[in-house]
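Structure assessment
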Amino acid sequence: MPFELASILRKNILQLTPYSSARHEFTGEAKVFLDANENSMGSPIGETYHRYPDPGQEKLKAKISGLKHIPAEQIFLGNGSDEAIDLLFRMFCKPGDDQVVVCQPTYGMYAVSAAIHDVKTLNVPLTNEFQLDLGAIKSTCKGSEKLLFICSPNNPSGNAFRREDISDLLHWFKGIVVIDEAYIDFSSQPSWLEELDNFPNLVVLQTFSKAWGLAGLRLGMAFGSVELIEVMMKVKAPYNLSAVVQEMALKALALSGQVEEKVNLLLHEREKLLVALAGLPNVIKVYPSDANFVLVRFNDARKVYSQLLNEGIVVRDRSMVSLCEDCLRITIGSQEENKLLLASLQKGINMNAEK
Ligand SMILES: Cc1ncc(COP(=O)(O)O)c(C=O)c1O
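Residues numbered from 1 in each chain as written. Predicted model: local features only at pLDDT ≥ 70, side-chain atom pairs only at ≥ 80, totals over all residues.

1. What to know about the overall build of the chain
Selection rule: The numbering of helices and of strands both runs from the N terminus, where a helix is a DSSP run of H or I of at least 4 residues and a strand a run of E of at least 2. Here a residue counts as buried when 20 or more other C-beta atoms fall within 10 Å of its C-beta, as exposed when 12 or fewer do, and as partly exposed in between; the C-beta atoms come from the backbone. Residues are treated as contacting if the C-beta atoms built from their backbones sit within 7 Å of each other.
Per the secondary structure count, the chain includes 13 helices and eleven strands. Dimensions of the chain, computed from C-alpha atoms along their principal axes, come out at roughly 75 × 55 × 35 Å. For the chain, buried positions account for 36% of its 355 residues. Taking contacts inside the chain between residues at least 6 apart in sequence as the whole, the part at least 24 apart equals 67%.

2. Looking at the sheet that holds strand E10 (residues 316-317)
Selection rule: Here, a strand pair is defined by DSSP locating no fewer than two bridges between the strands. For every element, the axis is a line fit to its C-alpha atoms; helices are fit only across the contacting stretch, and the angle between N-to-C directions ranges from 0 to 180 degrees.
The strand order E8-E9-E11-E10 describes an open sheet built from four strands, whose pairing is antiparallel. Where the open sheet ends on each side, the last strands, each with one partner, are strand E8 (283-286) and E10. Each of E8 and strand E9 (293-298) touches helix H11 (residues 256-278); the most contacted strand, E8, lies at about 150° to it.

3. Overview of the pairing of E8
Where E8 lies against E9, three bridges are found, and the strand directions are antiparallel. If you follow Lys285 over to E9, its bridge partner there is Arg297.

4. Considerations on the sheet that holds strand E7 (residues 220-223)
Pairing within the open sheet is mixed, and its seven strands lie in the order E1-E7-E6-E5-E4-E2-E3. On the outer flanks of this sheet lie strand E1 (75-78) and strand E3 (120-125), each paired with one strand and no other. Sheet twist, expressed as the mean angle between neighbouring strand axes with direction ignored, is 20°. Across four bridges, strand E5 (residues 176-180) lies against strand E6 (residues 202-207) in parallel orientation. In the sheet register, Ile179 faces E6, and the bridge partner there is Val204.

5. Examining the nonpolar core
Soluble globular proteins: nonpolar side chains tend toward being buried together. Test applied: Each nonpolar core consists of buried Ala, Val, Leu, Ile, Met, Phe, Trp, Tyr and Cys residues. Their C-beta atoms, within 7 Å, join them into a set. Bear in mind that the domain bounds are from an automatic or database domain assignment.
Membership of the largest hydrophobic core comes to 83 residues, with the highest contact counts inside it found for Leu88, Phe149, Ile150, Val178 and Val203. Tallying contributions element by element places helix H5 (residues 81-92) first for this core, with seven residues. The residues that make up this core include at least three from each of domain 1 (5-254) and domain 2 (257-354). When sequence neighbours within four positions are dropped, the list of residues in contact with Val203 reads Leu88, Ile176, Val178, Ala222, Phe223, Gly224 and Leu228.

6. Some remarks on the site of the ligand
Going by this rule: Any residue whose backbone-placed C-beta atom lies within 6 Å of a molecule or strand is treated as near that molecule or strand. Only Asp, Glu, Lys and Arg are considered charged, only Ala, Val, Leu, Ile, Met, Phe, Trp, Tyr, Cys and Pro nonpolar, and every remaining residue, Gly among them, polar.
Taken together, the residues surrounding the ligand are Gly80, Ser81, Asp82, Tyr107, Cys151, Asn155, Asp180, Ala182, Thr207, Ser209, Ala215 and Gly220. Per-class residue counts for the shell around the ligand are four nonpolar, six polar and two charged.

7. What to know about the packing of H5 against helix H6 (residues 109-116)
Using the following cut-off: Note that the term roughly parallel is reserved for angles under 35 degrees, roughly antiparallel for angles over 145, roughly perpendicular for angles of 65 to 115, and oblique for everything else. A crossing counts as left-handed when the near helix is turned anticlockwise from the far one by less than a right angle, and as right-handed when that turn is clockwise.
As a packed pair, H5 and H6 sit with axes 10 Å apart at the nearest point and diverge in direction by 45°. By the criterion of interaxial angle, the relationship of H5 to H6 is oblique. Here H5 and H6 pass one another in a crossing that is right-handed. In contact with Asp82, Ile85, Asp86 and Phe89 of H5, H6 contributes Met109, Tyr110, Ser113 and Ala114. Class assignment of the residues belonging to the contact of H5 with H6 gives a composition of five nonpolar, one polar and two charged.

8. Examining the domain arrangement of the chain
Interface extent is often summarised as the accessible area lost during association of the parts. Taken domain by domain, the chain consists of domain 1 (5-254) and domain 2 (257-354). Averaged C-alpha coordinates put domain 1 and domain 2 at centres separated by 30 Å. Contacts between domain 1 and domain 2 engage 22 residues on the former and 20 residues on the latter. Of the residues assigned to the side of domain 1 that touches domain 2, the class counts are eleven nonpolar, nine polar and two charged.

9. What about helix H10 (residues 243-253)?
Under the convention used in this document: Comment: arc refers to directions from the helix axis out to C-beta atoms.
Residues Val245, Gln246 and Ala249 constitute the buried set of H10. Projection of H10 onto a plane perpendicular to its axis shows the buried side chains occupying an angular sector of 95°, all on one side. Relative to its buried face, H10 has exposed residues pointing more than 90 degrees away, namely Val244 and Lys251. Against helix H4 (58-68) lie the buried residues of H10.

Printed below as a string of structure tokens:
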């Protein structure tokens, strides 16, 4: 049966008349703007911040469209990808009724967002190699699940999933397949963006928080069919991206060459760090990484975590997470930070040997 967006959207969303702001109703140039109840006396910080920002983020979308080779009508911009995740729940999942599928272990916000919306999460474990378990996913689903979250490269394991497995799920799943590509710029795998036109049930999430180094700005992207993005634009808060975010993002986009440089530096550091970690006697396994972090299994992760913390180095303890027993997730640092990390790990090993 061909995919029909209207058949899986919530009825209230399908029937929604969106809020129409002053900036929606008049978008041209004018001498005097007295239509939005802004403060005509200006703001303490000057500039044009007394004005509401562009609700359609047109300039920014045009730039991102050029960068990603995706039409602006297929782009949603939000307050981090977390906003896009939240909106997808609001659009597709009826509280108390609907279910979504999450392949664990993965990024925590899918399940948290589900819980916030009173939507049941069907947790399907990844295989021991942190790959998608197609058999388990298919036997868990009943056919009415609204969203399937696939995080590739996956957080916290760091690996990208096999492309043929994702393709299989895209053909098979009846609801929306959300591929979260927060870490795609660190991966050797191609993005799923190029497949957008082949799968009307595909939503790809990307973010400015990782490769772009703009986590503080809060800017995430969702890419999907024209029809689906149109609904996201209706459901979002009218002015979900501040003027500051839009300005700063445009500034960053004009300097995109620097991003490539920084990603390359990071990949070089990742390679060195992975080799160094694998050589430590208390390391059991360094998992392959397609991201800007690495999952490492230690003899005693809790102890290593505390020792690092004593030295002022914070990593993420994932040892309580399924399939991640005795694992720490370590973000790839700068050259200097990685040196400090390795020196601290070695100090811990020496201290334990002396006991
Ligand atoms: C897989 C994944 N998706 C999304 C996010 C959040 O992205 P944003 O900062 O755009 O909300 C994270 C943050 O760590 C993440 O790991």
